[in-house]
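# Chains, contacts and geometry: an overview
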Amino acid sequence: MEALRQELDDLKASALDQIDQSADPAQLEQARVQYLGRKARLTAILRQLVALPPQERPVIGLLANQVKQAIEERIAARRTALESVPSDEVLATDRIDVTLPGRWPTVGRLHPLTQIIREICRIFAEMGFAVIEGPEVEWDYYNFEALNIPEDHPAREMWDTFWIDPTSAQVDKPMLLRTHTSPMQIRIMEQTKPPIRVVVPGKCYRYEAVDASHESQFHQIEGLAVDEGITFADLKGTLYAFVRRLFGDERKIRFRCDYFPFVEPGVDMSIDCFRCKGAGCRLCKMSGWLEILGAGMVHPNVLARVGYDPARYTGFAFGMGPARVAMLKYGIEDIRLFHDNDLRFLQQFP
Ligand code: DAH
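Scoring rules and cut-offs
- Residues numbered from 1 in each chain as written.
- Predicted model: local features only at pLDDT ≥ 70, side-chain atom pairs only at ≥ 80, totals over all residues.
- Heavy atoms only, no water.
- Helix = DSSP H or I, 4+ residues; strand = E, 2+ residues; numbered from the N terminus.
- Buried < 20%, exposed > 50% of the residue type's maximum accessible area, 1.4 Å probe, protein only.
- Contact = heavy atoms within 4.5 Å.
- Areas by Shrake-Rupley, 256 points an atom, 1.4 Å probe, with all protein chains shown as cover.
- 1 Å grid on protein atoms, 1.4 Å probe; cavity = no way out; pocket = protein on both sides within 12 Å on 5 of 7 lines; lining within 4 Å.
- Points joined across faces, edges and corners; volume = space filled by probe spheres on them.
- Nonpolar A, V, L, I, M, F, W, Y, C, P; charged D, E, K, R; others polar.
- Salt bridge = Lys/Arg side-chain N within 4 Å of Asp/Glu carboxyl O.
- Polar contact = N/O pair within 3.5 Å; in protein donor to acceptor, adjacent residues only side chain to side chain.
- Axes fitted to C-alpha atoms, helices over the stretch in contact; angles between N-to-C directions.
- Parallel < 35°, antiparallel > 145°, perpendicular 65-115°, else oblique.
- Left-handed = near helix turned anticlockwise from the far one by under 90°.
- Near = heavy atom within 4 Å.
- Sits in = over half its atoms within 2 Å of the grid points.
- Expected span 1.5 Å × (residues − 1).
- Core = buried A, V, L, I, M, F, W, Y, C linked by side-chain atoms within 4.5 Å.
- UniProt positions renumbered as here; feature names shortened; annotations may be inferred.

## A few points about the overall build of the protein chain
In terms of regular secondary structure, the protein chain is built from 13 helices and nine strands. Principal-axis analysis of the C-alpha atoms gives the protein chain an extent of 130 × 55 × 35 Å. Among the 350 residues that make up the protein chain, the fraction classed as buried is 41%. In the protein chain, 67% of the contacts between residues at least 6 apart in sequence involve partners at least 24 apart. Accessible area of the protein chain: about 20100 Å², with a carbon and sulfur share of 52%.

Below you can see the structure in the form of structure tokens.
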């Protein structure tokens, strides 16, 4: 019995040792077969327990099973350890090649509309205009009423309007998505005294079908200058300087009478086509001229409405669509391209 006990102890020691020494799963499996397999010495001892004298059987039986359990546990632990270590093969093939050049991250850029809006605002800022923004959800009062467009005035049809549902908005006055940036003329004049020189970039909304030159959400840039002695010549001179900065030194401008309720006289302004130099081409639809904005002298009714004395103060105003300006400047034929998010289009504007 002593000899058997000694043998089991030795068996355990050498098994645990070999398991710890095994360098990969194959060697570990070899050790398992050697110590726990069908032909292993331990298996033979366990199988022959019945042949032992009755008083030795429980002692040796207990010891042999403890040895077996210890070996099994050590194998399981070693297997886990070996699996978490990458093999030599993996280490050889998975090596990181530090000489490979890195991949350039894609660098974003400003959207072409953002670029043109900033460029336009910068030009006016350099001429002394402040840049101010205003609310996109607006009262009827500012969008129409105070701009000399009373309720039921036929001119309201110039702007197809998205109205805000008064019950859901819990308001008792008509509210809308602004159809132009002109309401900011009123808000600014209400809050300041002349002299005023501002440009107002911002989003506007119209209940209109979308096509190649119209979107229901779009940008405008409004301009307003009010002081004593401002004349139509100031309007012309300012816009002339602006156009030359944006479209080049040789540009000519042309004013034609147009109607907007908040100005008198009202005009639209065109520049001579820079593509064909006025000879007539597809861009200018053979007219030689490109229309870029509406403008005029602020209507006395509008000045009076905000408490300015129309006998003392005069002013000019203008409003333009930067998308149209960008389309003309870059020869873009469809306004929808701006919001299609096609990188091939957007990447052309570095
Ligand atoms: N608000 C006008 C529109 O959306 C554009 C405009 C015309 C603005 C004449 C002005 C102006 O300030 O004087 O159609």
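## Looking at empty space enclosed by the protein
A full pass over the atoms with the stated rule returns one cavity of 30 Å³ or more. A volume near 30 Å³ is recorded for the largest cavity. Forming the walls of the largest cavity are Leu113, Glu215, Gln217, Phe218, His219, Ala323, Ile335, Phe338 and His339. Broken down by element, the lining of the largest cavity gets its largest block of residues, three residues, from strand β5 (residues 217-228). Taken together, the residues that form the lining of the largest cavity break down as five nonpolar, three polar and one charged.

## Some thoughts on the pattern of salt bridges
A complete count under the given rule lists 15 salt bridges for this structure. When the shortest N-O distance is used, the salt bridge between Arg156 and Asp140 registers 2.7 Å. Of this pair, Arg156 sits in the loop between α7 (140-143) and α8 (166-169) while Asp140 sits in helix α7; the two residues are 16 residues apart in sequence, bridging distant segments of the chain. There is no split in this pair, since Arg156 and Asp140 are both buried. One continuous salt-bridge network, built from bridges that share partners, spans Asp140, Glu145 and Arg156.

## With respect to the environment of Thr231
Secondary-structure assignment places Thr231 in the loop between β5 and α10 (232-247). With a relative accessible area of 38%, Thr231 lands in the partly exposed category. Sequence separation of Thr231 and Ala81 is 150 residues, and the distance between their C-alpha atoms is 88 Å. From its side chain, Thr231 meets the backbone nitrogen of Ala233 in a polar contact 3.1 Å long.

## Focus on the packing of helix α1 (residues 2-21) against helix α2 (residues 25-36)
Orientation of α1 relative to α2, taken along the N-to-C sense of each, is 165 degrees, at an axis distance of 8 Å. Judged by the inter-axis angle, α1 sits roughly antiparallel to α2. Pair α1 / α2 crosses with left-handed handedness. Packed against α1, whose contacting residues are Leu11, Ser14, Ala15, Gln18, Ile19 and Gln21, the element α2 presents Gln27, Leu28, Ala31, Gln34 and Tyr35 at the interface. Counted by class, the contact of α1 with α2 contains six nonpolar, five polar and no charged residues.

## Here's the deal with the site of the ligand
Surveying the vicinity of the ligand reveals 16 residues, the closest of which are His180, Ser182, Arg206, Gln220 and Glu222. Within the backbone of Ala317, a nitrogen or oxygen atom sits 3.2 Å from an oxygen atom of the ligand. Taking Phe318, its main chain carries an N or O atom lying 3.3 Å from an oxygen atom of the ligand. Relative to its unbound accessible area of 350 Å², the ligand is 93% covered by the protein chains. Assessed atom by atom at 2 Å from the grid points, the ligand resides in the largest pocket. Residue assignment for the shell around the ligand shows that the elements contributing at least two residues are β5, β8 (289-298) and β9 (313-320). Counted by class, the shell around the ligand contains seven nonpolar, seven polar and two charged residues.

## As for helix α4 (residues 57-84)
Helical geometry: 3.6 residues make up each α-helical turn, so side chains three or four residues apart lie on a common side. Here α4 is 28 residues long and its end C-alpha atoms lie 41 Å apart, about the 40 Å a rise of 1.5 Å per residue gives. Along α4, the residues that are buried comprise Ile60, Gly61, Leu63, Ala64, Val67, Ile71, Ile75 and Leu82.

## Thoughts on the nonpolar core
One finds Ile120, Phe124, Leu239, Phe318, Met320 and Phe338 to be the most contacted residues of the largest nonpolar core, which totals 47 residues. Here the element with the most residues in this core is helix α6 (residues 112-126); it accounts for seven residues. Not counting chain neighbours up to four residues away, the residues in contact with Phe338 comprise His111, Pro112, Leu113, Ala323, Ala326, Met327, Ile332, Phe345 and Leu346. In this structure, Met184, Met189, Leu303 and Tyr308 belong to the second largest nonpolar core, which totals 27 residues.

## Considerations on the UniProt feature "domain: Aminoacyl-transfer RNA synthetases class-II family profile" (unreviewed entry) in the protein chain
Feature annotation in UniProt assigns "domain: Aminoacyl-transfer RNA synthetases class-II family profile" (unreviewed entry) to the following positions: residues 114-350. For residues 114-350, the helix share is 27%, the strand share is 27%, and the end-to-end C-alpha distance is 12 Å.

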